[in-house]
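Observations on the three-dimensional arrangement
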Amino acid sequence: MLQHYPRAFTRLILGVFVSVTTLLGASHGKTVSGNIAEVINIAGKQRMLSQRIAKDYLYIGKKIAVDKATKQIEQSLSAFKKSQKYLEKAINDPEIKNLIAFVNISEKELEATAKKPFSLDNAQLVLDLSESMLEGSQYIVDSLKETAKFKSSSLVATSGKQRMLAQRIAKYYIAYQSGIKDRNTVEQMKTTVKLFDANNKKLLNNASNTATISRKLKKINMLWKIVYKFYLNIEKGGLPFIVFTSTDDITGKMDKITSLYTKARL
């Protein structure tokens, strides 16, 4: 069972884990069985699910949007585990397979913690485990691209990351309202909002967008221009339900845009 270590220590463990498995996996062979772009997209979605699962646990604990969050956490845990099994079967590279195993440890611990009564200690542990899952999933995405010599579109990569950032915003917003009122919570929220905003402008200003993509991005931007101010008022709070629904809306729309970018090969 994972212990409740600081985030920096978790990062150190993962770094050592990657270094060791790199030495063990001297002969990689073919990286994946099947479409590498599809495998990377599925691995990329795991980043978003890691943040959504933690967010839902915190909303349930705060007794806000309980029905929605309860249904969503069950769906997200199921989807995460299903995708992990898919990645295990599709990926042949031993180093990446070991990374998947590392993420699975964090997921099992998070799921077990999420079934316990809500407390600040459990909430902090869920936050830390979701960070470990996110970091591990990002390693998997990066390792797949590097090992397979796969050059993905920067637009696909950016739009795919927006899915995760929207859920991350909601996670830190409700974490603060739940009582985790340290400097890291506020800083992570503001950093995430800033990154989402920069990515949003990059996508909006892309000259090669199709008419459909431009239309969908403009809808997100209309919503974003209103709600991002709510997100930045994390210390004031008072709008948790709006944050829940708006970030879910943005995540869903960004997922569709990512698919459109992939199909258009932009």
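Refer to the structure presented above.
A brief report on the enclosed structure follows. (Residues numbered from 1 in each chain as written. Predicted model: local features only at pLDDT ≥ 70, side-chain atom pairs only at ≥ 80, totals over all residues. Heavy atoms only, no water.)

Bringing the pattern of salt bridges into the picture now. All told, the structure shown has 10 salt bridges when counted by the stated rule. Here Asp248 makes a salt bridge to Arg52, at a shortest N to O gap of 3.5 Å. Residue Asp248 is located in helix H9 (residues 240-264), and its partner Arg52 is located in helix H2 (residues 36-61); the two are separated by 196 residues in the primary sequence. Linking Arg163 and Asp255 is a salt bridge whose minimum nitrogen-to-oxygen distance equals 2.8 Å. Taken as a pair, Arg163 in helix H6 (residues 154-177) and Asp255 in helix H9 lie far apart in primary sequence, 92 residues in all. Here Arg163 falls in the buried class, since its relative accessible area comes to 3%. Each of the salt bridges in this network shares a partner with another, and the network as a whole consists of Arg52, Lys55, Asp56 and Asp248. (Salt bridge = Lys/Arg side-chain N within 4 Å of Asp/Glu carboxyl O. Helix = DSSP H or I, 4+ residues; strand = E, 2+ residues; numbered from the N terminus. Buried < 20%, exposed > 50% of the residue type's maximum accessible area, 1.4 Å probe, protein only.)

The full count for this structure, using the stated rule, is five aromatic pairs. With 5.7 Å between their ring centres and 35 degrees between their planes, Tyr57 and Phe118 make a pair best called tilted. Taken together, the residues span a long stretch of sequence, with Tyr57 in helix H2 and Phe118 in the loop between helix H4 (94-114) and helix H5 (120-147) at a distance of 61 residues. A relative accessible area of 4% places Tyr57 in the buried class. Given a relative accessible area of 32%, Phe118 falls into the partly exposed group. (Phe/Tyr/Trp six-rings, centres within 6.5 Å; stacked < 30°, edge-to-face > 60°.)

Another point: helix H8 (residues 211-232). Since one α-helical turn is 3.6 residues long, residues separated by three or four positions face the same way. With 22 residues, H8 should reach 32 Å at 1.5 Å per residue; the first-to-last C-alpha distance of 31 Å fits that figure. At Lys225, H8 shows its strongest bend, of approximately 40 degrees. For H8, the complete set of buried residues consists of Ile213, Leu217, Ile220, Asn221, Trp224, Val227 and Tyr231. In the core, the buried residues of H8 are packed alongside H6, helix H7 (183-204) and H9. (Expected span 1.5 Å × (residues − 1). Bend = angle between axes of the 7 residues up to and from the residue. Contact = heavy atoms within 4.5 Å.)

Moving on, we get to H4. Compared with an ideal rise of 1.5 Å per residue, which puts 21 residues at 30 Å, H4 spans 30 Å between its outermost C-alpha atoms and is within 8% of the ideal. The N-terminus of H4 is capped by Asp93, whose side-chain oxygen sits 3.0 Å from the backbone nitrogen of Glu95. (Polar contact = N/O pair within 3.5 Å; in protein donor to acceptor, adjacent residues only side chain to side chain.)

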